[in-house]
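Structural overview for review
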Amino acid sequence: MFRHFLQVSRRQISSTVRRQLVNKVPDKQKLFQEANGMPVHLKGGVGDALLYRATMGLTVLGTGFVIYELVKAALPQKKD
Amino acid sequence: MAHQAHAYHMVDPSPWPLTGAIAALLMTSGLAIWFHFHSTTLMTLGLILLLLTMYQWWRDIIREGTFQGHHTPPVQKGLRYGMILFITSEVFFFLGFFWAFYHSSLAPTPELGGCWPPTGITPLDPFEVPLLNTAVLLASGVTVTWAHHSIMEGERKQAIQSLALTILLGFYFTALQAMEYYEAPFTIADGVYGSTFFVATGFHGLHVIIGSTFLAVCLLRQIQYHFTSEHHFGFEAAAWYWHFVDVVWLFLYVSIYWWGS
């Protein structure tokens, strides 16, 4: 594993960039400092919005599910 | 365009505290539903929500600090206080389990045979795998310090190597402990000896896994040039946590493994 890191970091300056070991921090800084009024949790792009919707969807679903289960557990079903 | 006239960080509104709270509700209620009705769906949903919350919340903190520059010196000071207070709370958490151990082991009841270890319990030899585990964690404390100095001196390659070595040592500890758990001649159901042993070492093992994960995130960030030689608080927090895990093990080793045998 180490040798791979060493190899790749030594190749940084060559014209063929192997993995993404170029320093992308300045690009990220530009992206996240853009004055577009987006909150930080959505500022990264479409991926952020998708992940947010999935998370919030599970949150709402989960809240409904837990209320249902707790009400069901609290009210014993009387069997005839 | 309005700019703040202070060095503090007024965060953007965030949904993650809410999703985190719901995750906690789902996990706790899910635990109760599992115990009484044998269904793990709710608890699993809570766990998934917890993982999503942690990933996005901490991702946002990295964005705010590394990409937006919000972690000024006073803000960093607050983060330092926060991490220290959190680790302190964890110290008290473990203190409780040590209290339980000493309560039972200093004055063993007649039901245990009036002795510690209790009658019928064959404790693990403290000079075998437990001693190796001690050496592994102590070595990892050295490698994480090496990583810190490498970062401070701008030695990128060495920082990556020493941080990776620290994580490997953490995995080695976990693997050795897992093997010990499997091979142990006693279980958690073996009276108060089993309870105190497995709950104390079990929670410690969980903290080793958490610490290793934190260090792994730091390794990824170091590779991606997030840390500078002057500003790398995320790594420092991970290193503090790792030293705390190491110290807890030393107390566990001396108290439960060594004195307790």
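Residues numbered from 1 in each chain as written. Chains lettered and ligands numbered in written order. Predicted model: local features only at pLDDT ≥ 70, side-chain atom pairs only at ≥ 80, totals over all residues. Heavy atoms only, no water.

The name given to chain B in UniProt is Cytochrome c oxidase subunit 3, and the organism recorded there is Carassius auratus. According to its UniProt record, chain B has this under Catalytic activity: "4 Fe(II)-[cytochrome c] + O2 + 8 H(+)(in) = 4 Fe(III)-[cytochrome c] + 2 H2O + 4 H(+)(out)". Turning to chain B, the UniProt record has this under Sequence similarities: "Belongs to the cytochrome c oxidase subunit 3 family." (UniProt positions renumbered as here; feature names shortened; annotations may be inferred.)

If you look chain A up in an unreviewed UniProt entry, it shows as Cytochrome c oxidase subunit 7A2, mitochondrial from Carassius auratus. Taken verbatim from the UniProt record of chain A, the Pathway (unreviewed entry) comment is "Energy metabolism; oxidative phosphorylation."

What follows is about the overall build of chain B. Broken down by element type, chain B carries 7 helices and 0 strands. In chain B, the order of α-helices and β-strands from amino to carboxyl end is α-α-α-α-α-α-α. Overall size of chain B, expressed as C-alpha extent along the three principal axes, is 75 × 45 × 30 Å. When burial is assessed residue by residue, chain B has 45% of its 261 residues classed as buried. Looking at chain B alone, contacts between residues at least 24 apart form 74% of all its contacts between residues at least 6 apart. When the accessible area of chain B is evaluated, it comes to approximately 13500 Å², of which 72% is carbon and sulfur surface. (Helix = DSSP H or I, 4+ residues; strand = E, 2+ residues; numbered from the N terminus. Buried < 20%, exposed > 50% of the residue type's maximum accessible area, 1.4 Å probe, protein only. Contact = heavy atoms within 4.5 Å. Areas by Shrake-Rupley, 256 points an atom, 1.4 Å probe, with all protein chains shown as cover.)

This part takes up the interface of chain A and chain B. Note on interface size: it is often stated as the accessible area lost on association of the parts. In this assembly, 34 residues from chain A lie in contact with 39 residues from chain B. Taking both sides of the interface into account, the surface hidden between chain A and chain B amounts to around 3200 Å²; carbon and sulfur atoms contribute 75%. Our enumeration of links across chain A and chain B arrives at 2 salt bridges. Asp48(A) serves as the salt-bridge partner of Arg63(B), at 2.6 Å between the closest nitrogen and oxygen. Those elements giving two or more residues to the side of chain A that touches chain B turn out to be helix H1 (2-10), helix H2 (25-32) and helix H3 (46-74) of chain A. (Buried area = accessible area lost by both parts, 1.4 Å probe. Salt bridge = Lys/Arg side-chain N within 4 Å of Asp/Glu carboxyl O.)

Before going further, it helps to examine the pattern of salt bridges. The full count for this structure, using the stated rule, is 5 salt bridges over all chains. Two residues, Arg59(B) and Asp48(A), come together in a salt bridge whose shortest N-O distance is 3.3 Å. Remark: Asp48(A) occurs in helix H3 and Arg59(B) occurs in helix H2 (residues 41-67); the pair is interchain, linking two chains. The residues Arg59(B) and Asp48(A) share a single accessibility class, namely buried. Residue Asp60(B) pairs with Arg59(B) through a salt bridge whose shortest N-O separation is 2.9 Å. Residues participating in the shared-partner salt-bridge network are Asp48(A), Arg59(B), Asp60(B) and Arg63(B).

Residues annotated by UniProt as "transmembrane region" correspond here to residues 16-34, 41-66, 73-105, 129-152, 156-183, 191-223 and 233-256 of chain B. Taken end to end, residues 73-105 of chain B is 100% helix and 0% strand, and its first and last C-alpha atoms sit 47 Å apart.

Next up on the list: helix H4 (residues 129-152) of chain B. Between its first and last C-alpha, H4(B) extends 35 Å over 24 residues, near the 34 Å set by a 1.5 Å rise per residue. Of the residues one or two after H4(B), Gly154(B) is the one with positive phi, at around 75°. (Expected span 1.5 Å × (residues − 1).)

Attention now moves to the environment of His149(B). Among the structural elements, His149(B) can be located in helix H4. Accessibility expressed as a relative area gives 39% for His149(B), which makes it partly exposed.

Take the domain arrangement of chain B next. All names here are of chain B. In terms of domains, chain B is made up of domain 1 (1-69) and domain 2 (71-256). Using only C-alpha atoms to locate each centre, domain 1 and domain 2 end up separated by 25 Å. Counting the surface lost from both domain 1 and domain 2, the interface buries some 710 Å², and carbon and sulfur atoms represent 66% of this. Area buried by domain 1 at its contact with domain 2 is led by Ala 7, Ile 62 and Thr 66, which between them contribute 47% of it. Across the domain 1-domain 2 interface, the total number found is 0 salt bridges. Our count for the contact surface shared by domain 1 and domain 2 stands at 3 residue pairs in polar contact (both at pLDDT 80 or more). Of the residues in the side of domain 1 that touches domain 2, the class split is 5 nonpolar, 4 polar and 1 charged. (Domains from an automatic or database assignment. Polar contact = N/O pair within 3.5 Å; in protein donor to acceptor, adjacent residues only side chain to side chain. Nonpolar A, V, L, I, M, F, W, Y, C, P; charged D, E, K, R; others polar.)

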